[in-house]
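Coordinates in review
Listed below, chain by chain, are the residues.
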Amino acid sequence: MMTITYAANKGIYVNMTNRCPCACTFCLRQNKDYVFDSDSLWLDREPTVQEVCDSIDTWDLTIYDEIIFCGYGEPTERLYDILEVAKYIKSKSNIRIRINTNGLADLIWNKSTAPDLKGIIDEVSISLNATNKEDYLEVVKPKFGIESYDAMLKFTKECTQYVSSVMMTVVDTVTSKEDQEKCREICESVGATFRVRPYSK
Ligand code: SF4
């Protein structure tokens, strides 16, 4: 059976796709197939919107703090399916809804996507992980090439207009303390909140 949703840290995580335009050097997918206590997050096929809603319905949302679109792939590969699921969640619950993303949705969809999140997504958490476009290319290896870093920053800045909470993160083992401070400045310059997150093995 596929793991579409799983619980961890007072949140319900939603795993809708294994697609991703990147190949980050620190990607968990390279050395294991689960997160926290989940079963394998490799999907036999992508679940339909209805299957995701049905899976969410199996949880008592009153005892969790948030629902996070995350999983083993880049969630915004299915951005418009996520928004359908999020609308369904909003129709039945006030639970907070977050997307964890690499921030490349505009390149995936070839348009400005942040406005589409308005009123549906409560928080976006974007991986920053580098202080400049060259280092980003080396660490994240996006298929879109050198323009990816600026596109990610633009998406982040636009999200701050449409989403109430916008975070940027770096993985502690991937960046030096000095780079983390530079990342903090970059993050604040686009209006997001900065967080250093531990690498989960
Ligand atoms: S963006 Fe996320 S899923 Fe994609 S390679 Fe990087 S860490 Fe892995």
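What comes next concerns the included structure.

Parameters at a glance
- Residues numbered from 1 in each chain as written.
- Predicted model: local features only at pLDDT ≥ 70, side-chain atom pairs only at ≥ 80, totals over all residues.
- Heavy atoms only, no water.
- Helix = DSSP H or I, 4+ residues; strand = E, 2+ residues; numbered from the N terminus.
- Contact = heavy atoms within 4.5 Å.
- Polar contact = N/O pair within 3.5 Å; in protein donor to acceptor, adjacent residues only side chain to side chain.
- Salt bridge = Lys/Arg side-chain N within 4 Å of Asp/Glu carboxyl O.
- Axes fitted to C-alpha atoms, helices over the stretch in contact; angles between N-to-C directions.
- Left-handed = near helix turned anticlockwise from the far one by under 90°.
- Nonpolar A, V, L, I, M, F, W, Y, C, P; charged D, E, K, R; others polar.
- Buried < 20%, exposed > 50% of the residue type's maximum accessible area, 1.4 Å probe, protein only.
- Pairing = 2+ DSSP bridges.
- Phe/Tyr/Trp six-rings, centres within 6.5 Å; stacked < 30°, edge-to-face > 60°.
- Core = buried A, V, L, I, M, F, W, Y, C linked by side-chain atoms within 4.5 Å.

So, about the environment of Val 171. By the element assignment, Val 171 lies in strand S6 (residues 165-171). Sequence separation between Val 171 and Tyr 72 is 99 residues, and the spatial gap between their C-alpha atoms is 17 Å. Apart from the residues lying within four places of it in its own chain, the contact partners of Val 171 are Phe 26, Asn 129, Arg 197 and Tyr 199.

Below, the discussion takes up the side chain of Asn 18. Mapping Asn 18 onto the fold places it in the loop between strand S2 (11-14) and helix H1 (49-56). A distance of 3.1 Å separates the side chain of Asn 18 from the backbone oxygen of Leu 41, its partner in a polar contact. Polar side-chain contacts of Asn 18 include one of 2.7 Å to the backbone nitrogen of Leu 43. In this structure Asn 18 touches Arg 29, Leu 41, Trp 42, Leu 43, Glu 46, Tyr 72 and Gly 73, once residues within four positions along its chain are discounted.

One non-glycine residue, Lys 10, lies in the positive phi region at around 65°. For Lys 10, the location among the structural elements is in the loop between strand S1 (5-8) and S2. Phi is positive for Asn 129, which is not a glycine, with a value near 65°.

Before going further, it helps to spend a moment on the pattern of salt bridges. Tallying each qualifying case throughout the model produces 18 salt bridges. A salt bridge links Arg 78 to Glu 46; the shortest N-O distance between them is 3.6 Å. With a gap of 32 residues between them, Arg 78 in the loop between strand S3 (66-69) and helix H2 (79-92) and Glu 46 in the loop between S2 and H1 connect regions that are remote in the sequence. When the shortest N-O distance is used, the salt bridge between Lys 90 and Asp 122 registers 2.8 Å. Of the two residues, Lys 90 sits in helix H2 while Asp 122 sits in the loop between helix H3 (105-109) and strand S5 (123-127), which places them 32 residues apart along the sequence.

So, about the side chain of Glu 66. Counting through the fold element by element, Glu 66 comes out in strand S3. Not counting residues within four places of it along the chain, the set of residues in contact with Glu 66 comprises Lys 10, Gly 11, Ile 12, Ile 95, Arg 96 and Arg 98.

The interhelical angle for the contact between H1 and H2, taken along N-to-C directions, is 35°, at an axis separation of 10 Å. Read as a crossing pair, H1 and H2 show a hand that is right-handed. Across the interface between the two elements, Val 49, Val 52, Cys 53 and Ile 56 from H1 touch Asp 81, Glu 84, Val 85, Tyr 88 and Ile 89 from H2. Residues of the contact of H1 with H2, tallied by class, amount to seven nonpolar, no polar and two charged.

This part takes up the pairing of S2. In S2, alternate side chains face the same way, and those of Gly 11 and Tyr 13 on one face and Ile 12 and Val 14 on the other are all buried. Summarising the sheet, S1 and S2 pair through four bridges and their orientation is antiparallel. Bridge pairing in S2 places Thr 5 opposite Val 14. Taken together, S1 and the strand that follows it, S2, pair antiparallel across an intervening segment of two residues, in which Asn 9 is found at a positive phi of about 50°. Bridge count for S2 against S3 is four bridges, and the pairing is parallel. Bridge assignment links Tyr 13 to a residue of S3, and that residue is Ile 68.

Let's shift gears to the packing of aromatic side chains. Evaluated as defined, the whole model comprises five aromatic pairs. Ring geometry for Trp 59 against Tyr 64: centres 5.9 Å apart, planes inclined by 90°, an arrangement best described as edge-to-face. With a centroid separation of 4.9 Å and 85° between ring planes, the pair formed by Tyr 80 and Trp 109 is classed as edge-to-face. You can see Tyr 80 sitting in helix H2 and its partner Trp 109 sitting in helix H3, a full 29 residues away along the chain.

A few words now on the environment of Val 163. Structurally, Val 163 can be placed in the loop between helix H5 (148-162) and S6. Taking C-alpha positions, Val 163 is 25 Å from Phe 144, a pair spaced 19 residues apart along the chain.

Below, the discussion takes up the nonpolar core. With 56 residues, the main nonpolar core has Phe 69, Leu 117, Ile 121 and Leu 128 as its most contacted residues. Once residues lying within four places of it in the same chain are set aside, the contact partners of Leu 117 are Leu 79, Leu 83, Ile 99, Val 124, Phe 155, Cys 159 and Val 163. Tyr 6, Ala 8, Tyr 13 and Leu 41 belong to the second largest nonpolar core, which has eight residues in total.

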